[in-house]
Amino acid sequence: MVTSLAVGYGMARALDIPAMIGMMVGGMMGLMSAFAVAENTWQRLARAILWMPFPYAAVLWLAAELHDDRRLEIGLMVGALALTFFLARFGQLYLLTGMMLFNGLMVGMMANIPAGMSGKALLVALVSATAVLVTRLLLCYPMPREDLLRTQRAFVVEARRVADAAIEALDPDADQERAVRRMTRALRRLNVTTVTIDGRLAQPEVAADPDMAELLHRHLFDAELALRGIGRAVQDLTGLEVPAHLREALVVGLVVARDTPLGSAQGLRPAAEIIRQQADAVPHRPGTGSRQAETVEPAYRVAHLLDSLAGSLSQWLALGWSSPQSPAKVPFQPTVALERDRPAGSAAATRRVLAAGTETSWRRAVPFVRAPLHAGIAAAIVCPITDAVDPQRFYWGLVGVMITLFGTNTTHERLRKFGHRMAGTVGGAVIGIALLHLVGHGHVYVMLTIIVAGITLGAWGMQRAYALWVVGLVVALVQLYGLTTPDAGMDHLLGERLLDNGLGILIATLCAALIFPLSGRRITREAERGYVSAVDGLVSQLALRWEDPDAPVRLRGAARAVDSALFQVVSLVRPLVRMPLGVRGRDADHRTALLTTATGHARALAAAADIDIDLAPRQAERFTRITAVLAGSLQALDRSLATGEPEESWQRVGPLVRELKAELDMAPPGPRAARIRSALRELAALDEALAGYAEQCGLTVRSAAAQDVVTSPMERRTQAFLAEWGTRRPPRNAAVSDASPATVAVAATHIPGTETSLPVSATPPPAAAPPGGVTVTGSVRCDRHPAGCAGWITVINGRGKRVAAGSVQSGRYRVGGLRPGPHTLVVSASAHAPHAELLSVPGAGEAGRIGHDMWL
C-alpha cells in the first residue's frame, strides 16, 4: 500500500493529473495485489500483478464514455458484479479479472475521470503495478523453504501457549475454571494451526520428496497429539489434590517445554524423567491419601507425552532445517484442503449438495449461473434504492452485495457477516472520527500513515474476526472522507454508508435464500456425511494396514482428513446467536461434541495402529470382522444421513474388540503388544462415540453378536426373498465351483464402452457374513501405472442408488456394507475416463468378503 500510494502520487505529479486520481488508481493496484494475488512462484506472481492494470484501465475509459447515461452506467455496474461471480468458477486469474472490472467501473464513477485521461491512468496503473511487483519480489520473494520454517515457528508458538496455559492450570491459587477454559482455547488454536500447516504443506507447482513429505506430516501429527494429551492430563490434574513436590516437578517440566528454544527440544527428556521420579515417590510418602494417589497416572502420562513431544518435535524441526534450498525440491505433499489459507468450512459441502441436485437436463447450468443470478438480481434491486438515497455513493449498496456473497454459503453465515459489518462500521467510525479530530486536516503524511496502519491492522484481524477488518477499513476511509467532507457532515455520511451496506447485505441474503435455494439442514447433513466418509476411510486404511503391512497406507493422513471434516461440520452447526435458555441448538451441540470426541479417538487410533503386526489367523479373522462390522455401521449411518430415514441400526463392535483384546492379553508383554492394545482401546472408544452420534441421528444402537443379526423387518423379508429366488434361479453371472465348495466365483459382465471385464473370485471365511454386509476389496491398475492408479470407487445398487464409496490408494481399495444382489462398481480417476463393471454380491451365508480387481 505504501509503494502503490507513493508511486501513484509521484506519477500524478509527473503526468500533471490530480493527485487524488493518481493515488486512487495506484492504490487499487496495491490493495488488490495484497488481497487477491497469492502465488508461490515469481512467474505466476508477475503474471497476475502485471495483468491487473489492463482490465482496470479499460473500464475506466468505458465509465468515462458512459458517464452521461445514468441508467446504462448503473446497469453496467450490475452486470460487472454478476460477471465477477461467474468468472470466479474458472480460476484465480479469471476472478482477479472480474474484480478489476468491477473496481474500475466503481472508481471511474466515483472520481469522474475524463475519457481523455484514460491513457494516463493506464500508465499510472502499469507503473504502480510494476512497483508493487518489485516490492513484493524484494521483500516477500516466494521461498518455500522459508515458508516451511515459518510454519514450524508458528506451531512452536502455539505449543508454548498450550504449555503456558497448563502451567496456570497447575497453580493452586489460580481460578481453575478460567484456567481450564484457557487451556481449551489454546488446544483449539493449536489444532487450527496444525491443520492449516498440514494444508500449507500442499503448495502447488512444487515437486516433492515423498519420503521426507510423509515424515513431515507424521512428526507434525505426533507432536500435536502429544500436546493435546498433555493438555487433557493437566485438566484431569486440576480436579485432584496434587502433592507439592509433584506439582513443582510438573510445572518445571512445562516451563522447560514452554521456554526451550528451537533446536533444543531434546531437553524435554530430563524434565520428563524428573516428573517420573516424583510420581514414583508419591505412593511411598507418609500421609498420601487416595486423591493424591490418583495423581500418579496423569503425571506418568505427562512425562511419557513430554518424551514423545521431544522426539517428534525435534525431528520435525530438523527436517525443516535440512530441507533442500532449491524451491523445486522442497517436500510439500497434500493432506487436507484449505479455503483462503484456512481450514475448509462450508464450501465443500455446499458444492456437493449443489452438484447432487443439478445432474440432469437444464439444471446442469445451475452451478454456473446460481451465484451470478444472486449477485445480479440483488444488485438490480439495491441500486435504485441506494441511488435514491445518495446518487454519488450508490455503489456502497453494491459493495454490500459483493461482500455478502463472497466467502459465504448459508443464510447463517451471511447474517453473521451482516452483524460483523455493522459492528465493525460503528466501531471504525468512532475511532476514525476521533483520530481525524486529533490529527486535523492539514497533516497529509500523518493521515496517510493512519490509512496504511488501519488497512494493515484490519488485514491482520481478518483471520480472527471479519469485524476487525471492517474497523481498520473504516478508520482508513474516514481519513479520506475528511479531505472532502466537513466535520459536521461526517456523522451523516457514515450513517448513510452503514444504511447502504446493510441494505446490500440483507437483499443479497434474501436473494440467495429464494433463488435456487439450498437448505442449511441439507448442507449440514452433507458435511456430516463427509465426516462419516472420512472415518470410513480411516477404518478401511486401518484394515488394510494390519492385513498387508506393505500397503502404502497413511493412517495419520486419514486421521487428519477426519480433522478437516470436523471443521466443516463445526462451521455449519455454529449458531448465529447462542441463547443460554434456548433449546434449538442443543442437539447440534451434543452431536458436535460427540464428533469432537470421536475425532480425538481417531487421532489416537491412527498413531497407535501404525505398526507392523502379524496376527494369528483366528485373531486376524476377528479383526477383519470388527472392521467389517464398523464399516457396515458407517455405511448405514451414511445412508440414514442421505435419505433422512434411519431404517437400519448401528452395530457396536465393543464386544468383539473385548474378545480380541482378551486373546491378545495372553501374549507376552512388550512395546508392540502395548501399541496393539492401545489401538484396540481407541477403536472401541471411537465406535462408542459414533454409536452415540448414530443414536442422535435416529438409528437403533445394538451390540454386534457372533452371528448374523438382521437389522430390520424389511431386511429380513428381502433376504428371505433373495434366498428363495436363489434356490429357484441362480444369478446369471454367478456360479459355484463343484471342486471347491468354499470358493464362490462371480463373473463380472462386460459393459459396452469399457475396455475389459475380469472375473471376480471370492473365498469366504468360515463365519457368516458380517451384519454390516459384504466387503469388497481389490486393486485398480493400468499399463501406464503398474504400481496402481489413484482415484475413487463408487458402488451403485440395482435401483441406481449410491450405496458405498471409497478412495483408491496406490491401486488398492476397500468398500463395505454391500447387500446381496447386482451392483455396479464405477472407478473415477484423474488420468482415465470413468470405468464401470458389474458385480454380483453373494447372499448372506455365502460370503462375507469378496475380491474384485480391475484393469483400466
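Residues numbered from 1 in each chain as written. Predicted model: local features only at pLDDT ≥ 70, side-chain atom pairs only at ≥ 80, totals over all residues. Heavy atoms only, no water.

(A) Representation of the overall build of the protein chain within the structure. Counting its regular elements, the protein chain contains 28 helices and 15 strands. Residues classed as buried in the protein chain amount to 52% of the 856 residues present. In the form shown here, the protein chain has an accessible surface area of approximately 38,700 Å², with 60% of it arising from carbon and sulfur atoms. (Helix = DSSP H or I, 4+ residues; strand = E, 2+ residues; numbered from the N terminus. Buried < 20%, exposed > 50% of the residue type's maximum accessible area, 1.4 Å probe, protein only. Areas by Shrake-Rupley, 256 points an atom, 1.4 Å probe, with all protein chains shown as cover.)

(B) Structural detail: the packing of helix H20 (residues 466-481) against helix H21 (residues 487-514). Relative to each other, H20 and H21 sit at 135°, their axes nearing to 12 Å. Taken together, the axes of H20 and H21 are oblique relative to one another. Here the hand of the crossing between H20 and H21 comes out right-handed. Contact residues: H20 offers Leu 473, Val 474, Leu 477, Val 478 and Tyr 481, while H21 offers Met 490, Leu 493, Leu 494 and Arg 497. When its residues are assigned to classes, the contact of H20 with H21 shows eight nonpolar, no polar and one charged. (Axes fitted to C-alpha atoms, helices over the stretch in contact; angles between N-to-C directions. Parallel < 35°, antiparallel > 145°, perpendicular 65-115°, else oblique. Left-handed = near helix turned anticlockwise from the far one by under 90°. Contact = heavy atoms within 4.5 Å. Nonpolar A, V, L, I, M, F, W, Y, C, P; charged D, E, K, R; others polar.)

(C) View of the pattern of salt bridges. For the structure on display, the rule yields 33 salt bridges. A salt bridge links Glu 273 to Arg 276, with the shortest nitrogen-to-oxygen separation between them at 3.4 Å. Of this pair, Glu 273 and Arg 276 both sit in helix H12 (residues 268-281), separated by three residues, roughly a single helical turn. The partly exposed category is assigned to Glu 273, whose relative accessible area is 37%. Note that Glu 663 is salt-bridged to Arg 618, the shortest N-O span being 3.2 Å. Taken together, the residues span a long stretch of sequence, with Glu 663 in helix H26 (residues 654-664) and Arg 618 in helix H25 (residues 617-643) at a distance of 45 residues. Classification of Arg 618 as exposed rests on a relative accessible area of 52%. Through salt bridges with shared partners, one network takes in Asp 164, Glu 168, Arg 178, Arg 182, Arg 258 and Asp 259. (Salt bridge = Lys/Arg side-chain N within 4 Å of Asp/Glu carboxyl O.)

(D) Here's a closer look at H12. Given a rise of 1.5 Å per residue, 14 residues ought to cover 20 Å, and the 21 Å separating the end C-alpha atoms of H12 matches this to within 8%. Considered for burial, the residues of H12 that qualify are Leu 268, Ala 271, Ala 272, Ile 275 and Ala 279. Taken around the axis of H12, the buried residues stretch over an arc of 100°, which confines them to a single face. Buried positions along H12 lie against helix H11 (244-259) and helix H14 (296-321). (Expected span 1.5 Å × (residues − 1). Arc of directions from axis to C-beta.)

(E) Region of interest: the packing of helix H5 (residues 70-87) against helix H16 (residues 366-389). Packing of H5 against H16 leaves a shortest axis separation of 8 Å and a crossing angle of 150°. Taken together, the axes of H5 and H16 lie roughly antiparallel to each other. Crossing geometry of H5 relative to H16 is assigned as right-handed. Residue-level inspection shows Arg 70, Ile 74, Val 78, Leu 81, Ala 82, Phe 85 and Phe 86 of H5 in contact with H16, the latter providing Phe 368, Ala 371, Pro 372, Ala 375, Gly 376, Ala 379, Ala 380, Cys 383 and Asp 387.

(F) Region of interest: a nonpolar patch on the surface. A surface patch of nonpolar side chains, about 790 Å² in accessible area, is lined by Phe 90, Tyr 94, Phe 368, Val 369, Leu 373, Ile 377, Ile 381, Ile 385, Val 389 and Leu 499. Of all the elements, H16 adds the most residues to the nonpolar patch, at seven residues. Structurally, Phe 368 is set in helix H16. Judged by its relative accessible area of 36%, Phe 368 is partly exposed. (Patch = residues over 30% accessible without salt bridge, like charges linked within 9 Å, V, L, I, M, F, W, Y side chains within 5 Å.)

(G) How the structure looks around unusual backbone geometry. If you check the backbone angles, Asp 16 has positive phi at about 60° while not being a glycine. On the secondary structure map, Asp 16 appears in the loop between helix H1 (2-15) and helix H2 (19-36). For Asp 16, a relative accessible area of 70% gives the class exposed. Notably, Phe 516 is not glycine yet its phi reads approximately 45°, a positive angle. Within the secondary structure, Phe 516 is located in the loop between H21 and helix H22 (520-547). On the basis of relative accessible area, Phe 516 is assigned to the partly exposed category, the value being 24%.

(H) Local environment of the nonpolar core. Among the nonpolar cores identified, the biggest contains 68 residues, and Tyr 531, Trp 546, Leu 637, Trp 650 and Leu 690 are the most heavily contacted of them. Elements supplying a minimum of two residues to this core: helix H10 (210-238), helix H15 (347-356), H22, helix H23 (555-573), helix H24 (586-609), H25, H26 and helix H27 (671-696). Top contributing element to this core by residue count: H22, with eleven residues. Excluding its chain neighbours within four sequence positions, the residues that come into contact with Trp 546 are Ala 609, Ile 611, Ile 613, Leu 615, Phe 623, Ile 676, Ala 679 and Leu 680. One finds Ala 63, Ile 403, Leu 405 and Cys 511 within the second-largest nonpolar core, a separate group that totals 55 residues. (Core = buried A, V, L, I, M, F, W, Y, C linked by side-chain atoms within 4.5 Å.)

(I) Geometry of the packing of aromatic side chains. What the rule picks out here adds up to eleven aromatic pairs. Positioned above the aromatic ring of Phe 368, the side-chain terminus of Arg 89 is 4.6 Å from the ring centre. The aromatic ring of Tyr 466 is capped on one face by Lys 417, whose charged end is 5.0 Å from the ring centroid. (Phe/Tyr/Trp six-rings, centres within 6.5 Å; stacked < 30°, edge-to-face > 60°. Lys NZ or Arg CZ within 6 Å of the ring centre and 35° of its normal.)

(J) Expanded view of the side chain of Arg 556. With respect to the helices and strands, Arg 556 occurs in helix H23. In this structure, Arg 556 is in contact with Arg 218, Phe 221, Asp 222, Ala 606, Ala 607 and Asp 610, ignoring residues within four places of it in sequence.

(K) Structural detail: the side chain of Arg 370. In this structure, Arg 370 sits in helix H16. We note that Arg 370 is buried and unpaired, the nearest opposite charge coming from Glu 413 at a distance of 10 Å. Ignoring sequence-local partners within four residues, the contact set of Arg 370 consists of Leu 354, Ala 512, Ile 515, Phe 516, Pro 517 and Leu 518. (Lys, Arg positive; Asp, Glu negative; His and termini not counted.)

(L) Expanded view of the environment of Leu 5. Its place among the elements puts Leu 5 in helix H1. Sequence-wise, Leu 5 and Gly 30 are 25 residues apart; in three dimensions their C-alpha atoms are separated by 7.7 Å. When residues no more than four places from it in sequence are discounted, the contact partners of Leu 5 are Met 23, Gly 27 and Val 452.

(M) How the structure looks around the environment of Tyr 531. Its place among the elements puts Tyr 531 in helix H22. Measuring from C-alpha to C-alpha, the distance between Tyr 531 and Leu 566 comes to 6.3 Å, with 35 residues separating the pair along the chain. Polar contacts involving the side chain of Tyr 531 include one to the main-chain carbonyl oxygen of Leu 595, which spans 3.1 Å. (Polar contact = N/O pair within 3.5 Å; in protein donor to acceptor, adjacent residues only side chain to side chain.)

(N) Structural detail: the confidence of the model for the protein chain. Mean pLDDT over the protein chain stands at 80; residues scoring 70 or higher make up 85%. Below a pLDDT of 50 lies the segment residues 579-585, which in the model reaches two contacts outside its immediate sequence neighbourhood of four places, other chains included. Contacts for the low-pLDDT stretch residues 706-771, under 50 throughout, to residues beyond four places or in other chains number 105 contacts. (pLDDT = per-residue confidence, 0-100.)

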